[in-house]
Amino acid sequence: MSQLNASDIQGFVLRGYTFPVARFLFLEISEHAAGRKLIESLVDEVTTGERWDKKPDSTLNIAFTYQGLVRLKLPDAALMSFPVEFFQGMKARREILCDVERNAPEHWDPIWREGRVHIWLGVYAQSPAILEDRCRNLQQRITATGGAAIVGTQDAAALVIDGKVTSKEHFGYTDGFGNPDYQGVERNSQPGQGKLMPDGSWAPLETGELLLGYPDEGGELPVAPVPHVLAINGTFMVYRKLHQNVATFRRYLKEKSQLYSGGEEKLAAKFVGRWRDGTPLELSPDRPDPAIVKDNQRNVNFTFGKDLAGTRCPIGAHVRRTNPRDAFGFNGNLVNRRRITRRGLPYGTFTPWDQPGADDGEHGVVFMVLNASIFRQFEFVQQQWVEYGNDARQGNDKDLLLGNHGGRGKVMIQGTEDPNNPPFLCGGLPNFVELRGGDYFFMPGITALRLIAAGGIDPR
Amino acid sequence: MADRNGSVYGLTILSPILEDTKAQVCHSVALRRHLAGLPRNESGPFAKIEGTHMCRLVVMDDVFYPGFPSKVEHLKSSYLFFEANFDGDRDLYLKRMARTAPAHVDEIWRHCVGFPGTKDVAAFIAYMKKCQITTTFYFADVNDKSVTDTLRALQVQAALAAFIERHQGRSPAGLKQSFARFWEQLRSAPRPTPGARETTTLPCFAGEPPSRIAEVTEAVNEGGK
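Residues numbered from 1 in each chain as written. Chains lettered and ligands numbered in written order. Predicted model: local features only at pLDDT ≥ 70, side-chain atom pairs only at ≥ 80, totals over all residues. Heavy atoms only, no water.

> Would you mind showing me how to read the overall build of chain A here?
Check the secondary structure of chain A and you find 15 helices and 14 strands. Relative to the globule expectation of 23 Å for 460 residues, the C-alpha radius of gyration of chain A, 22 Å, shows essentially globular dimensions. Per-residue burial over chain A gives 58% buried out of 460 residues. Put simply, of all contacts in chain A between residues at least 6 apart along the chain, 70% involve residues at least 24 apart. Summed over all atoms, the accessible surface of chain A reaches about 18400 Å², with 50% contributed by carbon and sulfur. Between the averaged position of the 53 positive side-chain charges in chain A and that of its 55 negative side-chain charges there is a distance of 1 Å. (Helix = DSSP H or I, 4+ residues; strand = E, 2+ residues; numbered from the N terminus. Rg over C-alpha atoms; globule rule 2.2 N^0.38 Å. Buried < 20%, exposed > 50% of the residue type's maximum accessible area, 1.4 Å probe, protein only. Contact = heavy atoms within 4.5 Å. Areas by Shrake-Rupley, 256 points an atom, 1.4 Å probe, with all protein chains shown as cover. Lys, Arg positive; Asp, Glu negative; His and termini not counted. Charge placed at Lys NZ, Arg CZ, Asp CG, Glu CD.)

Right, here's the structure in full:
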């Protein structure tokens, strides 16, 4: 397909901004007329997907919950055409997502329990000072229009470790590899990021796996609201605030590594499928290799087909579970409709390596997913590949890192007869990560956004 | 044979539901109410019938044609649809149904035309066979293993995982000794019964959570002696 109209697509959808700081503002719309005025006042500064000649100081993007669209008085015909999971919202989907027990809504931040969030505003900036400026300015205008009240904010920032801004998360893993490539999206493609072709090369996924209004991997248009102009160039976003139990993670890793003859760092790598510096285990099973991490031709370019026993990268490792590539056979075709684009940034400060860390306090990852179908993509990955193990022939076992284990989880780390790569069973797994809330959002294209602001969506 | 897939039998029964215009509550409604009240988990009445992988009961009022051009079609009556996938022989299974859950079977099928009851087992089997239609699709969950084999495999898997978790890192001598003990217990462990939710916890794993460093270290030392 030809190039997409990037000026009609929100920039957040097409690229990870790689800014060091961000703030997410959560708004409750007061009533439709003032709410629309507010959106109208913001539309012109929403960051689009157009190529940057010069990287801006900051960015702004916008998305709505279903209740937000109701409050804005979208026509009933449009409201009733949205997919059911978006209409219900994330809280109502908790059983499907295994957001129960320690991940249940009663443990969420109050803002996500109350259902008052109508608008997500994402502001990314080059520095904390710029972020403050931009947010102050936004806040003034939000107040001036009276269209909405800010009911909460969430700051996020790249972790600073030993004085350096990093792309690590709180457990010490380098994060942010391997988002999929899509047809028509201008981006430096990397082998390993799209779909696996029969000749072993990689090709971009169909645009409709990310954006509404375009054919998807099934050769059809994704389920989308009507009219078409409301849907095209839009997408759905999942927002999840994932708290990280740093103390539990460090304690568990230390305790288990005393029994694991491969050593602590290797065990940490086996949890995720990458060494903590980001080296894929599949490419370098015995040691981290910074040359691979730096090499865009190699750092996501691997398959599991020759490691079906999981002796290099365990079958239950996080990266293998969430993107099994060719591990289920059929040359990888089974995963092409389950890919998600991730945007994430940590919140809270990093605990120095030599300290035990804490479970309480505010530290984790703001995890955001962009996909054409929350049901088919994010929810499937979460339900079947993170919280269940049948597809990977791992029975009831869950994703070691993300699973809602409740202290009862186990994951087998496959190994060989080599004493440095022994089989090992991680039992009594606690929750390393816990959910603190979030919701499902619709992130419209720019034309649709203008029509929403103008109250101009065809009522049919 | 379309009713059999490997060692698994797929039994599909369509029993016409009684029509009694004088009844205060019609049979299909009464049957639906009764079915809705049955437990769907391991305490369901059919879970206890030996060899049952899965079963399903549905009240089918009529058929509809979803294609184009639309067409209106009707069944001669409403039906009780019963589907069961089980191990082994059909007649033996029907006999087990009549013997293991007679009250439940009677309570359900009493709403159906010509049902003779379960007391006369031969008559019951003959009735069910008369209502049988060919099964062509199966719920592909069993990999040709019997219910008993599957439950036993899960029991062994859970026990072995617990054993490994508790003993990994031990000296070969200690490991060998513990494994011999474990193996003996596992061999003589009572087999899980059909419908059991939890696989049996072996006595050596009851209580304490496994794999505490201190315990293991102690065990390693012991094993080394």
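> Hey, could you run me through the packing of aromatic side chains in this one?
Remark: the centre distance and the inter-plane angle together describe each pair of aromatic rings, the angle taken between the planes. Residue and element names in this part refer to chain A. Applying the stated criterion across every chain yields a total of 45 aromatic pairs over all chains. Aromatic pair Phe24 and Trp120: ring centres 5.7 Å apart, planes at 20 degrees, arrangement stacked. Of this pair, Phe24 sits in strand E1 (residues 21–29) while Trp120 sits in strand E3 (residues 119–125), placing them 96 residues apart in sequence. Both residues of the pair, Phe24 and Trp120, count as buried. With centroids separated by 6.4 Å and ring planes inclined at 25 degrees, the aromatic side chains of Phe271 and Phe432 adopt a geometry described as stacked. In this pair, Phe271 is assigned in helix H11 (residues 264–272) and Phe432 in the loop between strand E13 (424–429) and strand E14 (433–443), connecting sequence segments 161 residues apart. (Phe/Tyr/Trp six-rings, centres within 6.5 Å; stacked < 30°, edge-to-face > 60°.)

> What is the right way to look at the interface of chain B and chain A in this model?
Across the contact, seven residues belong to chain B and nine residues belong to chain A. Between chain B and chain A, a total of about 810 Å² is buried, with carbon and sulfur atoms accounting for 62% of that surface. Run the count over chain B and chain A and you get zero salt bridges. Between the two partners, chain B and chain A, sit two residue pairs in polar contact (both at pLDDT 80 or more). (Buried area = accessible area lost by both parts, 1.4 Å probe. Salt bridge = Lys/Arg side-chain N within 4 Å of Asp/Glu carboxyl O. Polar contact = N/O pair within 3.5 Å; in protein donor to acceptor, adjacent residues only side chain to side chain.)

> Just to check I follow, could you spell out the side chain of His243 of chain A for this structure?
Residues and elements named next belong to chain A. Tracing the backbone shows His243 in strand E9 (residues 235–244). You can call His243 buried: its relative accessible area is 1%. Within the structure, His243 has its side chain in polar contact with the side chain of Asn245 (distance 3.2 Å). Among residues more than four places away in sequence, those in contact with His243 are Tyr347, Asp359, Gly361, His363, Gly364, Phe432, Val433, Glu434 and Arg436.

> Can you help me understand the confidence of the model for chain B in this one?
Any residue range with low pLDDT should be treated as having predicted coordinates unsuitable for detailed reading. All names here are of chain B. Per-residue confidence for chain B gives a mean pLDDT of 85, with 85% of residues at or over 70. Low pLDDT, under 50, characterises residues 203–225; the predicted model gives this stretch 35 contacts beyond four residues in sequence or across chains. Model confidence for the complex: the whole-complex pTM is 0.90, and ipTM, which rates the interface, is 0.79. (pLDDT = per-residue confidence, 0-100.)

> Honestly, the nonpolar core in this entry has me stumped. Any pointers?
Most often, soluble globular proteins keep nonpolar side chains buried together rather than apart. Phe24, Trp120, Met237, Tyr239 and Phe271 of chain A are the most contacted members of the largest nonpolar core, which totals 116 residues. With seven residues, E1 of chain A is the largest single contributor of residues to this core. Contact partners of Trp120 of chain A, with chain neighbours within four places excluded, come to Phe12, Phe24, Leu25, Phe26, Asn61, Ile62, Ala63, Met237, Tyr239, Met368, Phe441 and Met443 of chain A. Formed by 31 residues, the second largest nonpolar core is a distinct cluster that contains Leu38, Phe82, Phe86 and Ile125 of chain B. (Core = buried A, V, L, I, M, F, W, Y, C linked by side-chain atoms within 4.5 Å.)

> I keep staring at the packing of helix H2 (residues 90–100) of chain B against helix H4 (residues 121–131) of chain B and nothing clicks. Help me out?
Angle between the axes and distance between the axes are the two parameters that describe a pair of packed helices. All names here are of chain B. At their nearest, the axes of H2 and H4 sit 10 Å apart, and the two run at 125 degrees to each other. For the element pair H2 / H4, the angle class is oblique. Of the two possible hands of crossing, H2 and H4 adopt the one that is right-handed. Here H2 contributes Arg90, Asp91, Leu94, Lys95, Met97, Ala98 and Arg99 to the contact with H4, which in turn contributes Val121, Phe124, Ile125, Met128 and Lys129. The residue makeup of the contact of H2 with H4, split by class, is seven nonpolar, no polar and five charged. (Axes fitted to C-alpha atoms, helices over the stretch in contact; angles between N-to-C directions. Parallel < 35°, antiparallel > 145°, perpendicular 65-115°, else oblique. Left-handed = near helix turned anticlockwise from the far one by under 90°. Nonpolar A, V, L, I, M, F, W, Y, C, P; charged D, E, K, R; others polar.)

> What is the right way to read the pattern of salt bridges from this model?
Side chains that carry opposite charge are capable of pairing whenever their charged atoms lie near each other. All names here are of chain A. Evaluated as defined, the whole model comprises 36 salt bridges over all chains. Note that Asp109 is salt-bridged to Lys241, the shortest N-O span being 2.6 Å. Taken as a pair, Asp109 in the loop between helix H6 (94–97) and helix H7 (110–114) and Lys241 in strand E9 lie far apart in primary sequence, 132 residues in all. Among the residues examined, Asp109 registers a relative accessible area of 18% and is labelled buried. Assessed through its relative accessible area of 2%, Lys241 is described here as buried. The network of salt bridges with common partners includes Glu209, Asp216, Glu220, Arg337 and Arg376.

> Just to check I follow, could you spell out helix H8 (residues 128–145) of chain A for this structure?
Since the α-helix turns once every 3.6 residues, residues separated by three or four places project in the same direction. Residues and elements named next belong to chain A. Taking 1.5 Å per residue, 18 residues should reach 26 Å; H8 reaches 26 Å between its end C-alpha atoms and fits that length. Of the surrounding elements, those touching the buried residues of H8 are E1, helix H2 (32–43), strand E2 (58–64), E3 and strand E4 (148–157). Phi turns positive one or two residues past the end of H8, at Gly146, with a value near 65 degrees. (Expected span 1.5 Å × (residues − 1).)

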